[in-house]
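# Chain and residue survey
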Amino acid sequence: MTEPERPRLLVVEDDPTSLRLIAKILGDAYTLIIATNGKDALRLATDVPELILLDYHLPDIDGLDMCRQLRANPLTAEIPVIYVTADQDPHLEAEGLQAGAVDFVTKPYSAAVLRARINTHVQLKRKTDLLALLAERDGLTGVANRRVFDQQLEREWRRGRRRQAALSVIMVDADRFKSVNDTWGHLVGDECLRGIARCAAAHLKRPADLLARYGGEEFVLLLPETDAGSARALAERIREEIQIRFANTAVERGEGPCLTASFGCATIIPDEQSSPEALLRVADRNLYLAKTGGRNRVEP
Ligand code: GH3
Ligand code: MG
Ligand code: MG
Ligand code: MG
Ligand code: MG
């Protein structure tokens, strides 16, 4: 088993004595990144440490403000913050927690308690991140799941409407996949689905493009600011890649099927008269045409 990575901790503290103490207590178990003022801290926080240990009283920014600014930036919003202060005022503690801190430690603190609290929040954050990842991914292929696709389609639809920009989707369906399972077994079938996902992912170049598993042996591509010609050209490249890839796994070597896939494209400049569902229906109908037209092809 590999050791989990040493957590990176951002320590924001302007007092040298406090810093030395923290380094002594935490230096062995954590990689410490030090900031002695709020401005540096906000900059270093964008490297996304696993946790921030935040002194309430800083020379330039007060702790509450700092916490709010971290929350306001999407890059740093999810980083757990633990306040450390000599101030025992319960109002301060309440305010700090309300501003988004996960915990509040008052000086003087016990080294063991500080370590335990940090560890608790680092583990909790790791679990939350893992759950968030699992909730968005398809377990078999690792690409986005249907839920993420539906949300993203809604979002890109609205954006396309505002900007009057073309939005394309491509439906991908593995050809005669039932017979792949029947002939080669489900495990080979599963491996084929991973292969299709890899072929499609290899051709996505822009960060806004999304590949998702739509259902059983179906995938879907969401392509913002993409016209019909570009969508079709992309589908054609993926179709070819799949054909070549599976031709090379060689049926004669007994390793797998000569799998192909069919593609249905649809493009629209979103407006009030239409809907995301209508766009998907067009892609679906074109996929049907690709199937009835002989499979291993792109429509239109
Ligand atoms: P067509 O060319 O018309 O699309 O034929 P097809 O056989 O691909 O279509 P059909 O919808 O009849 O069959 C889809 C098959 O995909 C049936 C199902 O068992 C298989 N399938 C769906 N999800 C999975 C999966 O996760 N793993 C495997 N191995 N097979 C799957
Ligand atoms: Mg201070
Ligand atoms: Mg299907
Ligand atoms: Mg079918
Ligand atoms: Mg199929």
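Computed from a prediction, not measured in an experiment: that's the story for all the values here.

### Details of the environment of I79
- Within the element layout of this structure, I79 appears in the loop between helix 3 (63–72) and strand 4 (81–85).
- A residue is classified by how much of its surface remains accessible, and I79, at 3% relative accessible area, is buried.
- Sequence separation between I79 and L51 is 28 residues; the distance between their C-alpha atoms is 5.7 Å.
- For I79, the contacting residues outside a window of four places in its chain are A45, V48, P49, E50, L51, I52 and R71.

### Quick word on the coordination of the magnesium ion (ligand 5)
- For the magnesium ion (ligand 5), the protein coordination sphere consists of D173 (OD), A174 (O) and E217 (OE), at 1.9 to 2.2 Å.
- Positions of the donor residues of the magnesium ion (ligand 5) along the chain correspond to the pattern D-A-x42-E.
- Separating the magnesium ion (ligand 5) from the magnesium ion (ligand 3) is a gap of 3.6 Å, bridged by D173, which donates to each. Highlighted residues: D173 in strand 6 (residues 167–174) and E217 in the loop between strand 7 (210–215) and strand 8 (218–224), separated in sequence by 44 residues.

### Some remarks on the side chain of N286
- Along the chain, N286 turns up in helix 10 (residues 276–292).
- Contacts of N286, omitting those with residues within four sequence positions, involve F263, G264, C265, E299 and P300.

### Notes on helix 2 (residues 38–45)
- Those residues of helix 2 that sit buried are G38, A41, L44 and A45. Seen from one end, helix 2 has its buried residues packed into an arc of 125°, which puts them on one side. Summarising the geometry of helix 2, the exposed residues directed more than 90 degrees from the buried face are K39 and R43.
- The elements touched by buried residues of helix 2 are strand 1 (8–12), strand 2 (31–35), strand 3 (51–55) and helix 3.
- The residue sitting at the N-terminus of helix 2 and contributing the capping side-chain oxygen is N37; that oxygen lies 3.1 Å from the backbone nitrogen of K39.

### Remarks on the layout of surface pockets
- By volume, the largest pocket is sized at about 200 Å³.
- Together, V48, P49, E50, P74, L75, E78, I79, P80, K125, R126 and D129 line the largest pocket.
- Split by residue class, the lining of the largest pocket holds six nonpolar, no polar and five charged.
- In this structure, the second largest pocket encloses a volume near 160 Å³.
- As for the second largest pocket, its lining consists of H203, K205, R206, D209, L223, E225, T226, D227, S230, L234 and R237.
- For the lining of the second largest pocket, the leading source of residues is helix 9 (residues 228–248), giving three residues.
- Per-class residue counts for the lining of the second largest pocket are two nonpolar, three polar and six charged.

### A word on the side chain of T85
- Looking at the element boundaries, T85 is found in strand 4.
- Beyond its immediate sequence surroundings of up to four residues, T85 is in contact with Y56, H57, F104, V105, T106 and K107.

Cut-off values and rules
- Residues numbered from 1 in each chain as written.
- Chains lettered and ligands numbered in written order.
- Predicted model: local features only at pLDDT ≥ 70, side-chain atom pairs only at ≥ 80, totals over all residues.
- Heavy atoms only, no water.
- Helix = DSSP H or I, 4+ residues; strand = E, 2+ residues; numbered from the N terminus.
- Buried < 20%, exposed > 50% of the residue type's maximum accessible area, 1.4 Å probe, protein only.
- Contact = heavy atoms within 4.5 Å.
- Donors = N, O, S within 2.8 Å, 3.2 Å for Na, K, Ca; no water.
- Arc of directions from axis to C-beta.
- Polar contact = N/O pair within 3.5 Å; in protein donor to acceptor, adjacent residues only side chain to side chain.
- 1 Å grid on protein atoms, 1.4 Å probe; cavity = no way out; pocket = protein on both sides within 12 Å on 5 of 7 lines; lining within 4 Å.
- Points joined across faces, edges and corners; volume = space filled by probe spheres on them.
- Nonpolar A, V, L, I, M, F, W, Y, C, P; charged D, E, K, R; others polar.

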